[in-house]
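Spelled out, the chains give:
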Protein chains: 4
Amino acid sequence: MRKYVCEWIGTFFLMLTVGCCVIAPPPGVVAPLAIGSALMVMVFAGGHLSGGHYNPAVTLGVWLRGRCSIQDLVPYWIAQGAGAILASVAAQAIKGNVPVVRMTLSVGPALLAEFLFTFALVYVVLNTATAKGTTGNSFYGLAIGMTVMVGAFAAGSVSGGAFNPAVAIGLGWIGLIAWPNLALYWITELLAGAFAAWIFLGLNPKDR
Amino acid sequence: MRKYVCEWIGTFFLMLTVGCCVIAPPPGVVAPLAIGSALMVMVFAGGHLSGGHYNPAVTLGVWLRGRCSIQDLVPYWIAQGAGAILASVAAQAIKGNVPVVRMTLSVGPALLAEFLFTFALVYVVLNTATAKGTTGNSFYGLAIGMTVMVGAFAAGSVSGGAFNPAVAIGLGWIGLIAWPNLALYWITELLAGAFAAWIFLGLNPKDR
Amino acid sequence: MRKYVCEWIGTFFLMLTVGCCVIAPPPGVVAPLAIGSALMVMVFAGGHLSGGHYNPAVTLGVWLRGRCSIQDLVPYWIAQGAGAILASVAAQAIKGNVPVVRMTLSVGPALLAEFLFTFALVYVVLNTATAKGTTGNSFYGLAIGMTVMVGAFAAGSVSGGAFNPAVAIGLGWIGLIAWPNLALYWITELLAGAFAAWIFLGLNPKDR
Amino acid sequence: MRKYVCEWIGTFFLMLTVGCCVIAPPPGVVAPLAIGSALMVMVFAGGHLSGGHYNPAVTLGVWLRGRCSIQDLVPYWIAQGAGAILASVAAQAIKGNVPVVRMTLSVGPALLAEFLFTFALVYVVLNTATAKGTTGNSFYGLAIGMTVMVGAFAAGSVSGGAFNPAVAIGLGWIGLIAWPNLALYWITELLAGAFAAWIFLGLNPKDR
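This structure is a prediction, so every number in the text was calculated from the model and none was measured.

Student: Residue-level account of unusual backbone geometry, with values.
Tutor: Even without being a glycine, Phe163 of chain B presents a positive backbone phi close to 55°. The phi torsion at Tyr54 of chain C lies on the positive side, around 60°, for a residue other than glycine. Mapped onto the elements, Tyr54 of chain C comes out in the loop between helix 2 (30-50) and helix 3 (56-65). Judged by its relative accessible area of 0%, Tyr54 of chain C is buried.

In structure tokens:
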């Protein structure tokens, strides 16, 4: 139960930062830095409690890699989604319920960007936070958070830069992404997480 | 006594940076980066001496969590407040005593923002700097400082982004916050610190 | 073989970030931060697998320093080049195949900048990731990635800020650098890598 | 001798970054980030060789604190100054020998800013890189480099943000600071370094 509360808190503050940066004033160059850093600090704060996923695609990858039990999978997803929704409400309470301009989505490039950077994110998580070769390091949160920042700088204008099904829900709530597109984000991101776990196990055969 | 001097120095440089970034030229996108980094470097420099709080809400949370003695509580608060006030004077000496435009405060959203991000700050402090599960890490200062940066990016335009009763005093001195609102900031921030300590103890039962 | 896949993945994401930041919208102040951070996260993720070079000049320097076998040299270079080319294609698929304005190159200053900052990069890699004096540290990825960021901030407008023959290929593909200039970049960067290895061995005589 | 070469290299790249960011295009919001990061990467790269000072005021403070021999003091200063001058020439070769607009200096605020942030820098160096209480950490370079970034953000527009007599020479060479003012910078910065050493020894009595 404590793990789920930790996932709830971490996803809440990640999405709260996303929401506050997306709602007016419009996102400037600092949104990726703020969002990546929010993930970083919550990973550093909660990694010893729940693993610090805050992202259903990460939880899927960590489960496939063998560091998350099957009983935790769905409760983690529920905690992450619930945290993201409440955070969207809180962001609107703080910034005002300002209408957000919906992104004009070019589906192919957007899903390619979401796939590639969600893959990168889960690849970085598995290698820095679950691999024997990097045990005891002090950089996992920095590496994980800044991967999201990089993706948001590189492709945020194309896909919205979610790389995270829970954040995608929040972006739908706030209005940046249309609800019908949400399923496409989820499928793409979860596939990327599973693919990253498969690549990780191939590259780290002794870690199975 | 050495601990109090260290708290005084750290809060001085935190508030000096805040003050220099708030007084003309007006705060741009870099103020949150500068302020969060100022906290980071002072936490790294003084953590082994005083714990590196530089924030009465953090000191309250650390005391409730059991890592600060009751005799230190009030001296820490005095050192932090004194450091913030002198730093405000120093910032005015450096940048010129330019009139600062007072924030037009929307009380509800501002206090919500101060509560949430002060909670996040104390939650991060307790988990990265006082938890058994993260002992010996090299990231506590980065995590703590960047939490303030995230909060300032997300909600600085709403509340001023103090998340710290000592900094709130400094912002009152410089003129960004009206004196009558100061008590609201203090109560909100101290409540958030206490709440974070309570959540921390629930999530880390072996750390009591 | 696993090492080469890791080098391929890391160089792919480094160049993907470069490409997405170079193709419209034009590079702003964030490109160096994004690119340096992309290198950082991939070094943290893959350092335990392949050494995390992602750069033929780094591989040359690490080989001369004695931490990379001669059999790995060419496969590493091929993996890095292939990753950079595919990433350039992927960046065009994400951002659109927008014509990029070719840099007007002042050859002397550009090659001086490429030499100096490629030297700095390999010097930092060898000292933070292969020296006995810094064994077991958690900062190598941060130091390496931010060296590229510094070089790109300082001299990106002069040379394009490659500091990496594989990235130079990608910049040629995208159109920022003219193909005939590519050989100049390669020679300059490889010379800088070799010179950094020579200096490193002089400064760390016990590490031979 | 190796130590002096390392100090020369590190100060060279610090000042090269300063110079490239000061010469046209004019310094934007990124100059402090670039300069602080240049110091960070060179401290991480050379700390195990020479201590990674790259700053005569730091060398003075480290000597007073007892971690630098008296025979090294003047050679370190010479290496730092020589590195800064050659770097200024290199920066002009890369960026073009563009006339730099001299700062209009308000002496009192400028020297106050230089004193306070040079103090902060040496205080952070001594506590993170020479104190028993922080032995073996992986954050010293981050803390040291970001202190300079913070100072440059806070007071760069007032004093030029040198916090370093060797960098002050470089700023004189490039033309940002008038030569007659240089002695004021040196005296102020060296006093700040000595004061920081005195405070450090008071706060860390067991480290004497």
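Student: Describe the relation of the copies chain C and chain D, and please don't skip the residues or the numbers.
Tutor: Laying chain C over chain D is done by rotating through 90° and shifting 0.0 Å along the axis; what remains is an RMSD of 0.0 Å. Put plainly, the chains are arranged around a four-fold axis. Measuring from the rotation axis to each C-alpha of chain C, the shortest distance belongs to Ser138 of chain C, at 4.0 Å. By residue overlap, the copies meet through two different surfaces: only 6% of the interface positions of chain C are interface positions in chain D.

Student: Run through the UniProt feature "transmembrane region" (unreviewed entry) in chain A, naming residues and quoting values.
Tutor: All names here are of chain A. Per the UniProt annotation, the sites labelled "transmembrane region" (unreviewed entry) are residues 7-25, 31-52, 73-94, 106-126, 138-163 and 183-203. Between the end C-alpha atoms of residues 138-163 the distance is 24 Å, and the span holds 77% helix and 0% strand. As annotated, residues 183-203 has a helix share of 100% and a strand share of 0%, and its two end C-alpha atoms lie 30 Å apart.

Student: For helix 5 (residues 107-129) of chain C, give the residues involved together with the corresponding values.
Tutor: The end-to-end C-alpha distance of helix 5 of chain C, which contains 23 residues, comes to 32 Å, matching closely the 33 Å that a straight helix rising 1.5 Å per residue would cover. For helix 5 of chain C, the buried fraction is high: 18 of the 23 residues fall into the buried class.

Student: Would you mind going over the interface of chain A and chain B in detail, with residue names and values included?
Tutor: It is common to report an interface's size as the accessible area lost on association of the parts. Facing the 28 residues of chain A at the interface are 34 residues of chain B. At the boundary of chain A and chain B, one finds zero salt bridges. When residues of the side of chain A that touches chain B are traced back to their parent elements, those giving at least two are helix 1 (2-22), helix 2 (30-50), helix 4 (70-95) and helix 6 (140-159) of chain A. When its residues are assigned to classes, the side of chain A that touches chain B shows 22 nonpolar, four polar and two charged.

Student: A description of the environment of Lys206 of chain B should follow, citing residues and the corresponding values.
Tutor: Residues and elements named next belong to chain B. Inspection of the secondary structure assignment puts Lys206 in the segment after helix 8 (179-203). We classify Lys206 as exposed; its relative accessible area is 73%. Sequence-wise, Lys206 and Ala131 are 75 residues apart; in three dimensions their C-alpha atoms are separated by 9.4 Å.

Student: Describe the packing of aromatic side chains, listing the residues and the values that go with them.
Tutor: Given two aromatic rings, their pairing is described by the distance between the two centres and the angle made by the two planes. Enumeration over the complete set of coordinates arrives at 52 aromatic pairs over all chains. Ring plane angle 35° and centroid distance 6.1 Å describe the contact between Phe115 of chain C and Phe195 of chain C, whose orientation is recorded as tilted. Taken as a pair, Phe115 of chain C in helix 5 and Phe195 of chain C in helix 8 (residues 179-203) lie far apart in primary sequence, 80 residues in all. Looking at Phe115 of chain C, the relative accessible area reads 25%, which means it is partly exposed. Judged by relative accessible area, Phe195 of chain C falls into the partly exposed class, the value being 35%. Considering the side-chain rings of Tyr4 of chain D and Tyr76 of chain D, the 5.8 Å spacing of their centres and the 80° angle between planes classify their relative orientation as edge-to-face. Of this pair, Tyr4 of chain D sits in helix 1 (residues 2-22) while Tyr76 of chain D sits in helix 4 (residues 70-95), placing them 72 residues apart in sequence. Classification of Tyr76 of chain D by relative accessible area gives buried; the value is 2%.

Student: So what's going on with the interface of chain C and chain D? Which residues, and what values?
Tutor: Taken together, the 34 residues of chain C in the interface contact 28 residues of chain D. Carbon and sulfur atoms make up 81% of the area that chain C and chain D hide from each other, which totals about 2,600 Å². The interface formed by chain C and chain D contains zero salt bridges. At the junction of chain C with chain D, the criterion picks out five residue pairs in polar contact (both at pLDDT 80 or more). When grouped by side-chain class, the residues that make up the side of chain C that touches chain D number 24 nonpolar, ten polar and no charged.

Student: Pulling in residues and values, what's your account of the relation of the copies chain A and chain B?
Tutor: Mapping chain A onto chain B is achieved by rotating through 90° and translating by 0.0 Å along the same axis, at an RMSD of 0.0 Å. Comparing interface residues between copies, only 7% of those in chain A also sit at the interface in chain B, which points to a heterologous contact through distinct surfaces.

Student: I'd love a proper account of the pattern of salt bridges, names of residues and values included.
Tutor: Residues and elements named next belong to chain B. On inspection of all chains with the given rule, the structure shows eight salt bridges over all chains. Of the charged contacts, one joins Asp72 and Lys3 as a salt bridge, the two residues approaching to 2.6 Å between their closest N and O atoms. Here Asp72 is found in helix 4 (residues 70-95), whereas its partner Lys3 is found in helix 1 (residues 2-22), with 69 residues between them in sequence. The exposure class assigned to Asp72 is buried, which follows from its relative accessible area of 8%.

Definitions and cut-offs
Residues numbered from 1 in each chain as written. Chains lettered and ligands numbered in written order. Predicted model: local features only at pLDDT ≥ 70, side-chain atom pairs only at ≥ 80, totals over all residues. Heavy atoms only, no water. Helix = DSSP H or I, 4+ residues; strand = E, 2+ residues; numbered from the N terminus. Buried < 20%, exposed > 50% of the residue type's maximum accessible area, 1.4 Å probe, protein only. Least-squares fit on C-alpha atoms with pLDDT ≥ 70 in both. Contact = heavy atoms within 4.5 Å. UniProt positions renumbered as here; feature names shortened; annotations may be inferred. Expected span 1.5 Å × (residues − 1). Salt bridge = Lys/Arg side-chain N within 4 Å of Asp/Glu carboxyl O. Nonpolar A, V, L, I, M, F, W, Y, C, P; charged D, E, K, R; others polar. Phe/Tyr/Trp six-rings, centres within 6.5 Å; stacked < 30°, edge-to-face > 60°. Buried area = accessible area lost by both parts, 1.4 Å probe. Polar contact = N/O pair within 3.5 Å; in protein donor to acceptor, adjacent residues only side chain to side chain.

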